[in-house]
Structures are given as C-alpha cells and as structure tokens.
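Each chain is listed here by its residues.
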Amino acid sequence: MQMMTRNVLLEMEQEEDDDDDGDIVLENLEQRVISNFGSLESQQDFQVPEFEEFNGKSDSLFFNDGQRRIDFILVYEDESRKETNKKGTNEKQRRKRQAYESNLIFHGLQLEATRSVLDDKLVFVKVHAPWEVLCTYAEIMHIKLPLKPNDLKTRSSAFGTLNWFTKVLSVDESIIKPEQEFFTAPFEKNRMNDFYIHDRDSFFNPATRSRIVYFILSRVKYQVMNNVNKFGINRLVNSGIYKAAFPLHDCKFRHMSEDPSCPNERYLLYREWAHPRSIYKKQPLDLIRKYYGEKIGIYFAWLGYYTKMLLLAAVVGVACFLYGYLNQDNCTWSKEVCHPDIGGKIIMCPQCDRLCPFWKLNITCESSKKLCIFDSFGTLIFAVFMGIWVTLFLEFWKRRQAELEYEWDTVELQQEEQPRPEYEAQCNHVVINEITQEEERIPFTACGKCIRVTLCASAVFFWILLIIASVIGIIVYRLSVFIVFSAKLPKSLNGTDPIQKYLTPQTATSITASIISFIIIMILNTIYEKVAIMITNFELPRTQTDYENSLTMKMFLFQFVNYYSSCFYIAFFKGKFVGYPGDPVYWMGKYRNEECDPGGCLLELTTQLTIIMGGKAIWNNIQEVLLPWIMNLIGRYHTVSGSEKITPRWEQDYHLQPINKLGLFYEYLEMIIQFGFVTLFVASFPLAPLLALVNNILEIRVDAWKLTTQFRRMVPEKAQDIGAWQPIMQGIAILAVVTNAMIIAFTSDMIPRLVYYWSFSIPPYGNHTDYTMEGYINNTLSYFNVADFKNKSKGNPYTGLGNHTTCRYRDFRYPPGHPQEYKHNIYYWHVIAAKLAFIIVMEHVIYSVKFFISYAIPDVSKSTKSKIKREKYLTQKLLHESHLKDMTKNMGVIAERMVEAVDNSFRPKLE
C-alpha cells in the first residue's frame, strides 16, 4: 500500500463531498496530542499499515509480534479487487481512508493490516494503543483508575442455615473470582507514581483500552475541505468506506482460549450467565460490567432487580386470581345471568340499528363466569397492593443503584462526559461564556435553538395525532364489525348453541379488534422509531446522555400512545356514552357507539391486555433471538467453503451481527412498556405480573445469550444510572394509582354491587332482610318500551322476532310510563357519588402510603454514604500527602542548593 503524506490531505481539500458537516471543535484535543507526540508537520511520511501475513493462531488477540494487544478492528473492502466500474468513487474512498489511517498514526495509534482468510477482498486493520497514548487520553477523558487497594469494601457472604441455598443460587467464586476493589481517582500523568501500577499490561483493562481507542477513532479527521473538518469512524462506516469497526471478543464462547494469558471472560459469561442451565443463578454483574462496561451492567442489574420484585407481585396476583376462581361458583349475579328462569327470560334490546336482533341475557353466561374471576374483591386488594409495590420497587432500586454507583465507581460520572462528535461538528458559532468569559463554539444561537425546539415539538405532536388516528380506525372497525357479528352469531334467542355460549358478538369483536390492533402497533413501532431518531438528530443534543434522554422521552411518548390508547378506550370510553335504546348516541353522526357486555368492559380489557402482552413477548423474542441466529447461520453457510482454514478471532467476530446503534435503548423500552402494562391496568388482569415474571426470567438469559454468542462485542460505555427511564417509571407509578382506581370505579361493576349489597333494605334497591346480592341483575337492567323504537331511534332496529312489548338494557333509568321516563334515576346518582368517593379515598390512601414510604426509605443507604465519604477522604489524603512529599522533597533539594550556594559564596572570603 502506497505511502500517505500530509500533502495528500492538502490535495483533498479541493474535493467535493456530499456530507453536510460543520466546523469541528478539536483544537484543544489536538494541542494535547501535539504536546505529547509532536506537531503534525514534524512527522515525516505517516504511512498506512503494510499488509502482514496471518500467523495462524485463531485465538490470538495480538499483532503478529505477539506483544501488542489488539484494541480495535477496522474492516474495509479493498477497492482494487472490487468488481465495479466506479473507479472515481473507489479512489475517493481509498484516499479518505488512507488519510484517516495516517491521522490515526499521528495520534499515536499503531496499525497492522491483514487480509481475510476466507475472502481476499476484505482487509482487517488491527489497532493498538501504546502506553503513552493510553495515559494521555485517560487524562483527557478523566478516567478513574486505581490508587490503592480498597480496605473498606467487604463482600457479604451467605450465613446461617441459608448458606446452602444461597450457595446454589450464587455464582461459583472458584470459577468467576471476585474482582479486587480499589480506591480510584481521575488519572493524571504528572501523578502517575500515585496510582497502583502493578503491571502496565493490566493497568488498563481491555474494556478501558477499547473506550480510549474508540474515543480517538470518533474524533480523528479524514478530510479538510474549505476549512471544514470531516471526521469520525461512525461517518466512515455509514458512508461505506469501512464496513465495520468493533472491539474483539477475548475467546470463543463454547471453548476456552489456547492462550494461557487470556482471561476467557466471554467463555465464563456464557457458561455461568447465558447458558440455560444457569437460569436459576444470580447474574455475575461484576464480570458483566468488566467485560461489557457499566452501561450494560446497570441494565442487567436493573432488569434482575425488577424481576426479583415481580416475584412478590406475581405471588399476590396469583393469590387474587385463585380467590376469584375458587369463588366464582358463589357469584350470585353470575348465577342469575345463567339461570334459565332469570337470565333465560330477560329479553335484551338490540345493540345496533336494523340488523341486530333481540337476545336473551343468558347467552352471556360463560363471559359472566369468567368475569367473576377478575371482577372480585381480591382485585381491589391487589390494585391497592400494586400501588404500594411499585413505590417499594422504585425506592429500593434507588438504594441498589446507589450501591452500584459506589461499587462500580460512577458516583461522579457526569463530570467525565464529553460532547458528541456530531455536536462538535456543528459548532460554528462563537460566543463568550458567561462564566469563564472566554470564547467557545456552539452549534446554533438562542434563536436557532428556539426554532429547533418548536419544530421538534410540532413534529412529535403531529405524529402522535397520526397514532390517535389509527386508534380511531380501530374504533370504526369495532363499530362496523359488531353489527355483522350481532346479525350473524345469535341465530336464536335460547342461547344454547355451542358457539353462542363462548362466542358472543362482543367477544368476537373484542378478539379480532385486539389482534388487528396488535398488528398495527407493531407496524407503527417500526415507523415511529425512525421518526423519533430523525427528530432527535435534528434537535442535536450535546452529550450522549442528553441524546439518549431526549430520544427516550420521544420514543416512550410514541409507544405510550401506541400501546395504551386502545386499552384506555376500552377502560374509560367504551360503553360510557351510549344513551339508551330509544335515543342512542351516534359517533361521527353515523356509527352507533358500541356498548359493553352486560357485565361490563372489564373482561374485554383483560382480553386486550393478554393479546398485546403475549403477542409483544413472542414478537420481541422472534426479533431478538431468531433473526440474529438465522442471519449468523446464513453468514456461516456462505463461508463454509473456507471452513477448512483457520479463521482468526477478528474474522470470526466480523461475521457476527452488529450491535444496533442505540444499543440497549430498545431493551429498556420493551421492559418499560411491560412495566406500564403491569402497573397501569393491573386491576383488570392480576396475572400480568406472573406473565411479566416468566417473560423476564427468559429475557435475561436470552439477552445474555444474544450478547455473548450472536453479536459483536459492544464498545464499553460508562453509565451512572438507567437515565431517563427512572423518571418515566415514577410517572407511570403515579398514573397507575389513578388508572386502577378508575378501572375499579368505572370499568368494573364492583361499586354498583357494593352499593346494592349495603343497601339491602332500602326499597329502591331491594326489600331484603339481610345482606345479599339476590336480585342484583334485575335491579341493574332498565326497561324500554319496544313501541318507542319507531318514534325515537334512527331506523327501526326491531326485527320482529317474537311478540315482545318491552326489552331490557344496562343502565339506571326510570321505566316507560314514569313522569321522568328514560331519565337517570336516584340509584344512578348514588352510584356515581359512590364511585367518585371511592376514587378520592383510594387515591389519597395510596398516595399517603407512597409518600410515607418515599420519605422513610432514603435513596442512599447510610452504609453507602459512609463508604463514599470515607473513600473521598482517603483519596484526598493520599493525593495530598503524596503532593506534600513531593513538595517537601523539592524544597529540601532547593534548600540544600541554597546552602551550598551560600557556602560557596562565603568560602573565598573566609580563605
């Protein structure tokens, strides 16, 4: 490969480029590099790496000399061997790449190129960061490194009679040994002697080395055109100049490395974390953090803690479900629906115009039995419990997160974060910093920022309206299809047909609408993912944390409306504004609003939740497991012809699937949406925590298997917490109290039943001598005169089935012939008052308990606070004492020289 000098860079200034870039703010960074490695002009003929022959060691993590560790891999396709006629484009890409690699060498990195064993068009560029480069950039990036061994942290061990049990669940420490803990401080080269440098080769672990190299790769220029810098490995990969860029796995996941110096961490993670036989064990979080970085570690720590807390919620939820299941035979109102002399003789009014017939109440017998399981007193207890549970989960997670911040040394991480390269590239406005009174570059003025924020907010609002439009489409489907099912399903009034017992018009409409809604949700997810990324890129956040937080809020807002809007419709709008048979309410002036089942909409809401939660879990597993596995299988099939050759580590990793640019974003989003289903609508589905628990137990191992076997190694990243997901969960927790209270009050039939039960002796409700639910169904169904259809309704829904003069409908209204016929009766207003009182009482009770729990449980435990303060004290003391020793030593040398100088000056006079 030809030599690349700085003259090539000057020639490339005249080339055209289709990228829309701005100025880059790298002066300070380049000055730091120049001060350590010399000026660019002083370097003579920086050259791109010559091709080296592969030494035949498949597990090698080093250059061919066996000494320099491979910290990163760059992959490109050799233009000279491409079968294409676009010579100008190929030459342009080659020159950019050569300029980029030349600048990498200028920044101190060492490169070695090797051709692919299986495909000679592919070239793998191995990147190594020498000791001096690591030290320089560790200081620039404010990376915390060990000062001295930590004498405070003691690991908790199993105790007492639980020793055998915890030992079975814990990771075997003889296989995955605990990491030694250190006091740390941001690295400074001039204080290098203060740091615990026992061995230069291990002082910077592979994860830290990869972080540093990626930091350099993301900020090195490859072209200067019209005083505009083009830079960064991400842009080179996106434009196809490089095909991939990634750090290496340390070994194969099924076998240990032949290299005795290899730690085999990937193999250990697969064996003790990702393998199905380890599904019951605790996660090796310290090793996960060490191998993949804190950002991956904190995700799995949060997911594991959430799953552990779900165990308690699942137990209580199953108990409430069993309570309803075992007591369904004692459900008086369900017996009345199914009784041939009660429900069998109640003729219900048609639920749509023209096509819908009369129907008997007992055709809803099976759905009323199922409703007894979910609409019971146990559901009320469970809703209150979940309001408290979610607070306990969030508060205890904060404490656990604080412990991890201390253990993983991310307490003051925010001070280390650097601006995103994409942000730096757009910094072309110079302003005076109000604090430092120095010039600094920003991407846009205050006016420009306001314009961007306005445009972004408008775009988000517009796309949310489109989601709502899709929900309205589903509602129209419900209204249209219900007429068809109502006309075709009930062939007779006796309700004894097998299909009629299990497939009522409401059930058929609910199931089909839920399936269609789920399909639309999955399609919209794909669209809104790209939309949210485009809006966030246009917004141009400064740091990676700001970028992820902004994208998180947009994506969650889209997903919230997308997933939950249909559930909110069923819970709080369906069947609430229907009027009565003689004067129904029409939606859009055309469609008659659909009604709930005589038992309420709760069972339909349960059906909707079951389909969406189950379908979502299945679809996500197909996307996360099956698709990467198939893609890797296809990749191995295409390279099977060269399987007899020894494939090096970097080539094996190249054929794995690349990690999505957003990394864990979709994993978090999936779990937070599930968290919403578990908390927001749990009053209608007490088995939701159990489904979530089973899914999460599998999710942890599936994600672990995917990371260790199917994907390239991620660039390790620092993370202090779970970011914007924490306030989102807190918002969901607050909203969940309101939604569950309203579900119990307005969606279920619990409050009307309680009013009837406690008012047994009042004539409007009943004339019983004891507390009972007998006669409840008859009390909740109002009468309508069939003759009034012709006078009051659009069209004539009366189909002439039988000689019926009256029919019944679900509402609390005065009967025909009453002075206030078809007006709401006093019972209706009593029930409304009871519902509002219930909501107020339930919300205040739960919110009071939540406030007390939040106040009683501090976010950081006392022991963790003491450890943090102790570490700061010892760190400052260590650095201060070291500084004093240096000053004392220097002052001593100066004093000796002064004394010697004085002696020399007086000695001639004395002589």
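Keep in mind that what you see is a predicted model, and the values were worked out from it rather than measured.

Procedures and definitions
Residues numbered from 1 in each chain as written. Predicted model: local features only at pLDDT ≥ 70, side-chain atom pairs only at ≥ 80, totals over all residues. Heavy atoms only, no water. Disulfide = S-S within 2.5 Å. Helix = DSSP H or I, 4+ residues; strand = E, 2+ residues; numbered from the N terminus. Buried < 20%, exposed > 50% of the residue type's maximum accessible area, 1.4 Å probe, protein only. Pairing = 2+ DSSP bridges. Axes fitted to C-alpha atoms, helices over the stretch in contact; angles between N-to-C directions. Phe/Tyr/Trp six-rings, centres within 6.5 Å; stacked < 30°, edge-to-face > 60°. Lys NZ or Arg CZ within 6 Å of the ring centre and 35° of its normal. Parallel < 35°, antiparallel > 145°, perpendicular 65-115°, else oblique. Left-handed = near helix turned anticlockwise from the far one by under 90°. Contact = heavy atoms within 4.5 Å. Nonpolar A, V, L, I, M, F, W, Y, C, P; charged D, E, K, R; others polar. Core = buried A, V, L, I, M, F, W, Y, C linked by side-chain atoms within 4.5 Å. Salt bridge = Lys/Arg side-chain N within 4 Å of Asp/Glu carboxyl O. Patch = residues over 30% accessible without salt bridge, like charges linked within 9 Å, V, L, I, M, F, W, Y side chains within 5 Å. Areas by Shrake-Rupley, 256 points an atom, 1.4 Å probe, with all protein chains shown as cover. pLDDT = per-residue confidence, 0-100.

### Here's the deal with the state of the cysteines
Right, so step 1: Inspection of every chain in the model, using the stated rule, returns three disulfides.
Right, so step 2: Paired through a disulfide, Cys338 and Cys365 show a sulfur-sulfur distance of 1.9 Å. Between Cys338 and Cys365, the disulfide has an S-S torsion of 105 degrees and is therefore right-handed. On the criterion of sequence distance, the pair formed by Cys338 in helix α12 (residues 332-338) and Cys365 in helix α13 (residues 365-374) is long-range, its members being 27 residues apart.
Right, so step 3: Between the sulfur atoms of Cys349 and its disulfide partner Cys807 the distance amounts to 1.8 Å. Note on the Cys349 and Cys807 pair: the S-S dihedral is about 90 degrees, so by sign convention the disulfide is right-handed. With Cys349 in the loop between β9 (347-348) and β10 (359-360) and Cys807 in strand β18 (residues 806-810), this pair connects stretches of sequence that are 458 residues apart. The same class applies to Cys349 and to Cys807, which are both buried.

### Brief notes about the sheet that holds strand β8 (residues 244-246)
Right, so step 1: As summarised here, the arrangement of the four strands in space is β2-β3-β1-β8, forming an open sheet in which the pairing is antiparallel. Pairing within the sheet leaves two strands with one partner each, and these edge strands are β2 (110-115) and β8. Strand-to-strand twist in this sheet, taken as the mean axis angle between neighbours without regard to direction, amounts to 20 degrees.
Right, so step 2: Strand direction decides the pairing type here: strand β1 (residues 72-77) and strand β3 (residues 122-128), joined by six bridges, are antiparallel. Each bridged residue has a counterpart across the sheet, and for Phe72 the counterpart in β3 is Val127.

### Digging into the packing of aromatic side chains
Right, so step 1: Tallied over the full model, the rule gives 49 aromatic pairs.
Right, so step 2: On the basis of an interplanar angle of 50 degrees and a centroid distance of 5.9 Å, the ring pair of Phe321 and Phe374 is categorised as tilted. In this pair, Phe321 sits in helix α11 (residues 294-326) while Phe374 sits in helix α13, placing the two residues 53 residues apart along the sequence. Across the pair, Phe374 and Phe321 agree in class, each one buried.
Right, so step 3: A ring pair is formed by Phe374 and Phe685, whose centres lie 6.2 Å apart and whose planes are at 55 degrees; its orientation type is tilted. A residue pair is termed long-range when its members are at least 10 positions apart, and Phe374 in helix α13 and Phe685 in the loop between α22 (665-680) and α23 (688-710) qualify at 311 residues.
Right, so step 4: Phe374 sits in the buried class, given a relative accessible area of 10%.
Right, so step 5: The ring of Phe538 carries Arg452 above its face, with NZ or CZ at 4.7 Å from the centroid.
Right, so step 6: Sitting over the ring of Tyr291, Arg713 keeps its end group 3.8 Å from the ring centre.

### Re the packing of helix α24 (residues 725-747) against helix α28 (residues 826-856)
Right, so step 1: One way to put it is that α24 packs onto α28 with a least axis distance of 9 Å and a crossing angle of 150 degrees. The angle between α24 and α28 falls in the class roughly antiparallel. As for how α24 packs across α28, the hand of that crossing is right-handed. Between α24, through Ala733, Ile734, Val737, Val738, Asn740, Ala741, Met742, Ile744, Ala745 and Phe746, and α28, the contact on the second element is made entirely by Lys835, Leu836, Phe838, Ile839, Met842, Glu843, Ile846, Tyr847 and Lys850.
Right, so step 2: Looking at side-chain class alone, the contact of α24 with α28 contains 15 nonpolar, one polar and three charged residues.

### Points about the nonpolar core
It is characteristic of soluble globular proteins that their nonpolar side chains tend to be buried jointly.
Right, so step 1: Formed by 158 residues in total, the largest nonpolar core has its most connected members in Trp302, Trp389, Phe393 and Phe677.
Right, so step 2: Leave out the neighbours within four places in its chain, and Phe677 touches Tyr563, Tyr564, Cys567, Leu609, Ile612, Met613 and Val682.
Right, so step 3: Residues Tyr76, Trp131, Ile140 and Ile216 belong to the second largest nonpolar core, which totals 41 residues.

### Some details on unusual backbone geometry
Right, so step 1: In this structure, Asn264 takes a positive phi of about 55 degrees despite not being glycine.
Right, so step 2: Here Asn264 shows up in the loop between β8 and α9 (265-274).
Right, so step 3: Despite not being glycine, Asp409 has its phi angle at roughly 65 degrees, a positive value.
Right, so step 4: Relative to the elements of secondary structure, Asp409 occurs in the loop between α14 (377-407) and α15 (421-425).
Right, so step 5: For Asp409, a relative accessible area of 15% puts it in the buried group.

### A few points about the packing of α22 against α23
Right, so step 1: Here α22 crosses α23 at 170 degrees, and the two axes come no closer than 10 Å. With respect to α23, the axis of α22 lies roughly antiparallel. Contacts between α22 and α23 involve Glu667, Glu670, Met671, Gln674 and Val678 on the former and, on the latter, Ala688, Pro689, Ala692, Asn695, Asn696, Glu699, Asp703 and Lys706.
Right, so step 2: Across the contact of α22 with α23, the residue classes break down as five nonpolar, three polar and five charged.

### A look at the pattern of salt bridges
It is possible for side chains bearing opposite charge to pair when their charged atoms get close.
Right, so step 1: Summed over the entire model, instances satisfying the criterion amount to 25 salt bridges.
Right, so step 2: The salt bridge involving Glu132 is made with Lys189; its shortest N-O contact spans 2.5 Å. Within this pair, whereas Glu132 is found in helix α4 (residues 131-140), its partner Lys189 is found in the loop between β5 (182-186) and α6 (200-203), the two being separated by 57 residues in sequence.
Right, so step 3: You can call Glu132 partly exposed: its relative accessible area is 35%.
Right, so step 4: We note a salt bridge from Glu403 to Arg400, for which the minimum N-O separation is 3.3 Å. Placement of the pair is Glu403 and Arg400 together in helix α14, with a separation of three residues, close to one helical turn.
Right, so step 5: Judged by relative accessible area, which is 27%, Glu403 ranks as partly exposed.
Right, so step 6: The network of salt bridges with shared partners includes Arg271, Glu272 and Lys281.

### Observations concerning a nonpolar patch on the surface
Right, so step 1: Together, Ile618, Trp619, Ile622, Leu626, Leu627, Trp629, Ile630, Met631, Leu633 and Ile634 make up a nonpolar patch on the protein surface, roughly 880 Å² of accessible area in all.
Right, so step 2: With respect to the element layout, Leu627 can be found in helix α20 (residues 602-638).

### Details of the environment of Thr454
Right, so step 1: The residue Thr454 is located in helix α16 (residues 446-488) in this model.
Right, so step 2: With a relative accessible area of 47%, Thr454 lands in the partly exposed category.
Right, so step 3: Sequence separation between Thr454 and Glu539 is 85 residues, and the spatial gap between their C-alpha atoms is 9.9 Å.

### Here's the deal with the pairing of β3
Right, so step 1: Extensive coverage of β3 is indicated by the burial of seven of its seven residues.
Right, so step 2: On β3, burial covers both faces: Leu122, Phe124, Lys126 and His128 on one face and Val123, Val125 and Val127 on the other are all buried.
Right, so step 3: By the bridge criterion, six bridges tie β2 to β3 in an arrangement that is antiparallel. Pairing of Glu112 across the sheet is with Lys126, part of β3.
Right, so step 4: As consecutive antiparallel partners, β2 and β3 are separated by six residues.

### Points about the confidence of the model for the protein
Right, so step 1: Per-residue confidence for the protein gives a mean pLDDT of 78, with 76% of residues at or over 70.
Right, so step 2: Confidence drops under a pLDDT of 50 for residues 640-644, and excluding neighbours within four residues, the segment shows one contact in the predicted structure.
Right, so step 3: In the model, residues 795-801 has pLDDT below 50 throughout and makes 22 contacts with residues more than four positions away in sequence or in other chains.

### Some words on the environment of Lys661
Right, so step 1: With respect to the helices and strands, Lys661 occurs in the loop between α21 (649-654) and α22.
Right, so step 2: On the accessibility criterion, Lys661 (70% relative accessible area) is exposed.
Right, so step 3: In sequence terms Lys661 and Met714 are 53 residues apart; their C-alpha atoms lie 9.9 Å from each other.

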